[in-house]
Amino acid sequence: MKRLFLVAVVMMISFLSMPAKAQVNLNVNIGSQPLWGPTGYDHVDYYYLPDVESYYYVPKKQFVYLNGNDWVFANNLPSRYGNYDLYNGYKVVINSPKPYLNFKNDKVKYGKFKGNKGQLVIRDSRDSKYYVVKGHPHGMPPGQAKKIYGKANKGNGNHGKGNGKGKHK
């Protein structure tokens with residue numbers, strides 16, 4: 001009987017000391033997405049913009065586009081895309097690191113979306129989860145998002161303004 005009890009105790013201790021394998025990683029960056037981003041995504045790393053064959057990196061609020069053979073990170077698209085409307089252009093969500101390194105495949109894979117319109121964008125959404133995005137017409141008063149989400153959610157409000165550029169290969 002003592003042996004059975006001892007085996008049960010050892011099993012219980014070994015079971016309790018095992019690290020938990022099932023961990024939930026909830027990463028939400030709704031408040032960082034731009035007003036022109038499509039609805040339906042709680043987390044976005046990059047948007048691919050098929051009409052201008054460029055990317056937008058949400059965490060740093062930068063466009064990523066080819067200039068010759070170099071990938072450029074900038075606060076705005078180059079002047080050659082001056083007439084491009086971010087609110088009407090189609091956006092493909094890509095949640096992988098450095099997707100521009102897979103540009104040739106993305107260009108083919110998502111080329112069929114060139115000229116597509118009609119995606120509901122965050123600015124036009126009436127879903128309250130998007131009210132934390134800076135500039136949303138139904139936005140929360142300053143500080144409200146902090147109370148709800150525990151930290152300030154910085155929106156982007158970037159509509160092609162700014163001049164920060166950096167070259168990356």
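Quick caveat: nothing in here was measured; it's all calculated off a predicted structure. (Residues numbered from 1 in each chain as written. Predicted model: local features only at pLDDT ≥ 70, side-chain atom pairs only at ≥ 80, totals over all residues. Heavy atoms only, no water.)

(A) Looking closely at the overall build of the protein chain. Of regular secondary structure, the protein chain possesses 3 helices and 6 strands. For the protein chain, the sequential pattern of α-helices and β-strands runs α-β-β-β-β-β-α-α-β. Counting over 169 residues, the protein chain shows a buried share of 36%. For the protein chain, the proportion of contacts with a sequence separation of at least 24, taken over those separated by at least 6, is 60%. Surface summary for the protein chain: the accessible area is close to 11,100 Å², and the carbon and sulfur share equals 54%. (Helix = DSSP H or I, 4+ residues; strand = E, 2+ residues; numbered from the N terminus. Buried < 20%, exposed > 50% of the residue type's maximum accessible area, 1.4 Å probe, protein only. Contact = heavy atoms within 4.5 Å. Areas by Shrake-Rupley, 256 points an atom, 1.4 Å probe, with all protein chains shown as cover.)

(B) Structural detail: the side chain of Ser125. Tracing the chain through its elements places Ser125 in the loop between helix 2 (103-110) and helix 3 (144-149). Given the relative accessible area of 4%, Ser125 is considered buried. Looking at Ser125, its side chain comes within polar contact range of the main-chain nitrogen of Asp127, at 3.0 Å. Not counting residues within four places of it along the chain, the set of residues in contact with Ser125 comprises Thr39, Leu120, Tyr130, Tyr131, His136 and His138. (Polar contact = N/O pair within 3.5 Å; in protein donor to acceptor, adjacent residues only side chain to side chain.)

(C) Seen up close, the environment of Val92. Tracing the chain through its elements places Val92 in strand 5 (residues 92-94). Here Val92 is in contact with Tyr46, Tyr47, Tyr48, Pro50, Tyr110 and Phe113, once residues within four sequence places are set aside.

(D) Inspection of the nonpolar core at higher detail. Trp36, Tyr47, Leu49, Phe63 and Leu86 are the most contacted members of the largest nonpolar core, which has 23 residues in total. Broken down by secondary-structure element, the contributors of at least two residues to this core are strand 1 (46-49), strand 3 (62-67) and strand 4 (70-74). Here Leu49 is in contact with Trp36, Ser54, Phe63, Tyr84, Leu86, Tyr90 and Lys91, once residues within four sequence places are set aside. Residues Tyr48, Tyr55, Tyr100 and Phe113 belong to the second largest nonpolar core, which totals 13 residues. (Core = buried A, V, L, I, M, F, W, Y, C linked by side-chain atoms within 4.5 Å.)

(E) Main features of the pattern of salt bridges. Applying the stated criterion across every chain, the model contains 4 salt bridges. Where Lys107 meets Glu53, a salt bridge forms, and the shortest distance between an N and an O atom there is 3.9 Å. Linking Lys107 in helix 2 with Glu53 in the loop between strand 1 and strand 2 (54-57), this pair joins segments that are 54 residues apart in sequence. With its nearest N and O atoms 2.9 Å apart, the salt bridge here joins Arg123 to Asp124. With a relative accessible area of 43%, Asp124 lands in the partly exposed category. (Salt bridge = Lys/Arg side-chain N within 4 Å of Asp/Glu carboxyl O.)

(F) Quick look at the packing of aromatic side chains. Evaluation of the coordinates by the stated rule reveals 17 aromatic pairs. Aromatic side chains Trp36 and Phe63 sit 6.1 Å apart centroid to centroid with 10° between the ring planes, which places their arrangement in the stacked category. One end of the pair, Trp36, is in the loop between helix 1 (2-17) and strand 1; the other, Phe63, is in strand 3, and 27 residues separate them in sequence. When sorted by exposure, Trp36 lands in the same class as Phe63, which is buried. Ring pairs connect the aromatic residues Tyr46, Tyr48, Tyr55, Tyr57, Trp71, Phe73, Tyr90, Tyr100, Phe103, Tyr110 and Phe113, which therefore count as one cluster. For Arg123, the ring lying beneath its charged end belongs to Tyr87, and the centroid distance is 4.0 Å. (Phe/Tyr/Trp six-rings, centres within 6.5 Å; stacked < 30°, edge-to-face > 60°. Lys NZ or Arg CZ within 6 Å of the ring centre and 35° of its normal.)

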